[in-house]
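Spelled out, the chains give:
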Amino acid sequence: MVHRVMIIGIDPGVGGAIAWQKNGDSFPQVINMPGTQLDILNQLREIKTTEESCECIIEEVHCFPGEAVQTAWVFSGNYHSLKMALLAAGIRFKEVSPQCWQKALKLISKSVPRAKNGSSIEEKKKVQAQRAKNYQQHKRDLKERAQQLFPDVKVTLKNADALLILEYAKSQ
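The shown structure was predicted, so the numbers you read here are calculated from the model rather than taken from an experiment.

Asks: Which residues make up the overall build of the protein chain, and what values do they have?
Replies: The helix and strand inventory of the protein chain stands at five helices and five strands. When the elements of the protein chain are put in sequence order from the N terminus, they spell out β-β-β-α-β-α-β-α-α-α. Looking at the protein chain as a whole, 37% of its 172 residues qualify as buried. Counting contacts in the protein chain only where the partners sit at least 6 residues apart, residues at least 24 apart contribute 60% of the total. Surface accessibility of the protein chain: about 10,700 Å² in total, with carbon and sulfur atoms responsible for 53%.

Structure below.
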């Protein structure tokens, strides 16, 4: 029996993805985030086979001030469901912040300052619009980098982060 290592990278958002690659394989596989907890568990069990050692990096997530309660609730639920599914599937994992893996891959975005206390509503809206614009550009930049690293994979905005997290995991 050949002992191979399977490496997994997970972007835990509902709109995220799971990417994996066996050492020695030419390119990774990637799927959009499965829709239910059982689908997630079954997919992770399918990825891991008994003769392989699995290692996973999952992006560590937090809620942000001003984030809608329902959005934060769903995001947190999916994140914790993924961690439980990894445990149930017998896959070792490490949580890594977006800043950590992006810095390691030299993909840090330019930050836009927040509106100052006492700013007018118009000034706050302007800053918020600029932050949203920068975020969207950063996501496109991440997709472009993933396309460069994985030309044989269909890279989308949904799966680019998972592929880049996988690339980070391979370097660890």
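What follows picks up the thread again.
Asks: Run through unusual backbone geometry, naming residues and quoting values.
Replies: Backbone geometry places Lys106, a non-glycine residue, at a positive phi of 60°. Relative to the assigned elements, Lys106 resides in the loop between helix H3 (98–104) and helix H4 (121–149). Residue classification places Lys106 among the exposed positions, given a relative accessible area of 74%.

Asks: So what's going on with the nonpolar core? Which residues, and what values?
Replies: If you look at soluble globular proteins, the nonpolar side chains tend to sit buried side by side. In terms of nonpolar packing, the biggest core is built from 21 residues, with Trp101 and Leu164 touching the most fellow members. When contributions to this core are tallied by element, the ones reaching two or more residues are strand E2 (17–22), H4 and helix H5 (160–170). If near-sequence neighbours (up to four positions away) are discounted, Trp101 is found in contact with Glu59, Val96, Leu107, Leu142, Asp161, Leu164, Ile165 and Tyr168.

Asks: Hey, could you go over the side chain of Gln102 for me, with residue numbers and the actual values?
Replies: Its place among the elements puts Gln102 in helix H3. Taking the relative accessible area as the measure of exposure, Gln102 reaches 10% and is therefore buried. A polar contact is formed between the side chain of Gln102 and the side chain of His138, at a distance of 2.9 Å. Those residues in contact with Gln102 that sit more than four places away from it in its chain are Leu107, Ile108, His138 and Leu142.

Asks: Just give me the short version of the pattern of salt bridges, but keep the residues and values in it.
Replies: Two side chains that carry opposite charge are able to pair once their charged atoms sit near each other. Applying the stated rule across the entire model yields four salt bridges. Between Asp161 and Lys139 there is a salt bridge, and its shortest N-O distance comes to 2.6 Å. Of this pair, Asp161 sits in helix H5 while Lys139 is found in helix H4, placing the two residues 22 residues apart along the sequence. Taking relative accessible area as the criterion, Asp161 reaches 5% and is therefore assigned buried. In this structure, Glu167 and Lys170 form a salt bridge, with 3.4 Å as the shortest nitrogen-oxygen distance. Of this pair, Glu167 and Lys170 both sit in helix H5, separated by three residues, roughly a single helical turn. Looking at Lys170, the relative accessible area reads 35%, which means it is partly exposed.

Cut-offs and rules
- Residues numbered from 1 in each chain as written.
- Predicted model: local features only at pLDDT ≥ 70, side-chain atom pairs only at ≥ 80, totals over all residues.
- Heavy atoms only, no water.
- Helix = DSSP H or I, 4+ residues; strand = E, 2+ residues; numbered from the N terminus.
- Buried < 20%, exposed > 50% of the residue type's maximum accessible area, 1.4 Å probe, protein only.
- Contact = heavy atoms within 4.5 Å.
- Areas by Shrake-Rupley, 256 points an atom, 1.4 Å probe, with all protein chains shown as cover.
- Core = buried A, V, L, I, M, F, W, Y, C linked by side-chain atoms within 4.5 Å.
- Polar contact = N/O pair within 3.5 Å; in protein donor to acceptor, adjacent residues only side chain to side chain.
- Salt bridge = Lys/Arg side-chain N within 4 Å of Asp/Glu carboxyl O.

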